[in-house]
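Spelled out, the chains give:
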Amino acid sequence: MEPFKNIRFKKKTAERFQEFSRTHFKTHSEALATMLDFFFYNEISPKEKLGPTGRKIENSLKKRMNAIIAIMKDVEKNKANPTLAILQSLLEVNEPKKKTLILEKNSSRKEDQNKY
């Protein structure tokens, strides 16, 4: 068993540490050792800011996604749909009205005359 050493902390800080330590670790020594290892391993200082929090990043991503959706809807409404309609109208083939041939008219008249 390793010997213990007393360290003096302000009461409020000690209570916060104890509460944190109880929820995440088995012992206070393990909690403090893990915290120190984290800072040494990642080569950061506890006084440094690590940048925006997860919530800030999520909110900015949501704003960007909403902007992209708005742009896509605008492009679809003002550019894609009208262009598609123009292309469809150009590609749409109207069948010409079937004109009866002169021969057909004559032959149909003869048949009518034969009936009477």
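Right above here is the structure, for reference.
Calculation notes
- Residues numbered from 1 in each chain as written.
- Predicted model: local features only at pLDDT ≥ 70, side-chain atom pairs only at ≥ 80, totals over all residues.
- Heavy atoms only, no water.
- Helix = DSSP H or I, 4+ residues; strand = E, 2+ residues; numbered from the N terminus.
- Buried < 20%, exposed > 50% of the residue type's maximum accessible area, 1.4 Å probe, protein only.
- Areas by Shrake-Rupley, 256 points an atom, 1.4 Å probe, with all protein chains shown as cover.
- 1 Å grid on protein atoms, 1.4 Å probe; cavity = no way out; pocket = protein on both sides within 12 Å on 5 of 7 lines; lining within 4 Å.
- Points joined across faces, edges and corners; volume = space filled by probe spheres on them.
- Expected span 1.5 Å × (residues − 1).
- Phe/Tyr/Trp six-rings, centres within 6.5 Å; stacked < 30°, edge-to-face > 60°.
- Salt bridge = Lys/Arg side-chain N within 4 Å of Asp/Glu carboxyl O.
- Axes fitted to C-alpha atoms, helices over the stretch in contact; angles between N-to-C directions.
- Parallel < 35°, antiparallel > 145°, perpendicular 65-115°, else oblique.
- Contact = heavy atoms within 4.5 Å.
- Nonpolar A, V, L, I, M, F, W, Y, C, P; charged D, E, K, R; others polar.

Q: Would you mind going over the overall build of the protein with me for this structure?
A: Tallying secondary structure elements over the protein gives four helices and zero strands in all. Listed N to C, the secondary structure of the protein is α-α-α-α in terms of helices and strands. Taking all 116 residues of the protein together, 3% fall into the buried category. Of the roughly 12,400 Å² of accessible surface on the protein, 58% is carried by carbon and sulfur atoms.

Q: How do you make sense of the layout of surface pockets when you look at a structure like this?
A: The method is simple in principle: a probe with the dimensions of a water molecule rolls over the atoms, and the space it marks as empty is what remains. As a volume, the largest pocket reaches approximately 750 Å³. Forming the boundary of the largest pocket are 19 residues, of which Phe9, Phe17, His28, Ser29 and Leu32 lie nearest the centre. At the level of secondary structure, the elements contributing two or more residues to the lining of the largest pocket comprise helix H1 (11–24) and helix H2 (28–42).

Q: For this particular structure, what's the right way to read H2?
A: Because an α-helix completes one turn every 3.6 residues, residues spaced three or four positions apart along the sequence face the same direction. If you check H2, its first and last C-alpha atoms are 21 Å apart, about what 15 residues at 1.5 Å a residue would give, namely 21 Å. Where H2 terminates, the next one or two residues include glutamate 43, which has phi positive at roughly 50°.

Q: Just checking my understanding: could you explain the packing of aromatic side chains for this structure?
A: In this description, a pair of aromatic rings is defined by centroid distance and the angle of the planes. Under the defined criterion, the tally for this structure stands at two aromatic pairs. Here phenylalanine 20 and phenylalanine 25 contribute two aromatic rings whose centre-to-centre distance is 6.3 Å and whose plane-to-plane angle is 55°, an arrangement assigned as tilted. Measuring from ring centre to ring centre gives 5.4 Å for phenylalanine 38 and phenylalanine 39, while their planes differ by 75°; the resulting arrangement is edge-to-face.

Q: Looking at this structure, how should I read unusual backbone geometry?
A: Negative phi values dominate among residues other than glycine, just as trans dominates among peptide bonds. The phi dihedral of glutamate 43 falls on the positive side, at around 50°, and the residue is not glycine. Take glutamate 43: it is sitting in the loop between H2 and helix H3 (54–91). When its relative accessible area of 71% is taken as the criterion, glutamate 43 is described as exposed.

Q: Can you walk me through the pattern of salt bridges in this structure?
A: On inspection of all chains with the given rule, the structure shows one salt bridge. For glutamate 58, the salt bridge identified is with lysine 62, shortest N-O distance 3.6 Å. On the criterion of helical spacing, the pair formed by glutamate 58 and lysine 62 is a turn pair, its members being four residues apart in helix H3. Judged by its relative accessible area of 41%, glutamate 58 is partly exposed.

Q: Hey, could you run me through the packing of H1 against H2 in this one?
A: Two packed helices can be described by the angle between their axes and the distance between those axes. Remark: H1 packs on H2, axes separated minimally by 9 Å, with the N-to-C direction vectors making an angle of 95°. Considering their axes alone, H1 and H2 lie roughly perpendicular with respect to each other. Contacts from Phe17, Gln18, Phe20 and Ser21 of H1 reach H2 at His28, Ala31, Leu32 and Met35. Residues of the contact of H1 with H2, tallied by class, amount to five nonpolar, three polar and no charged.

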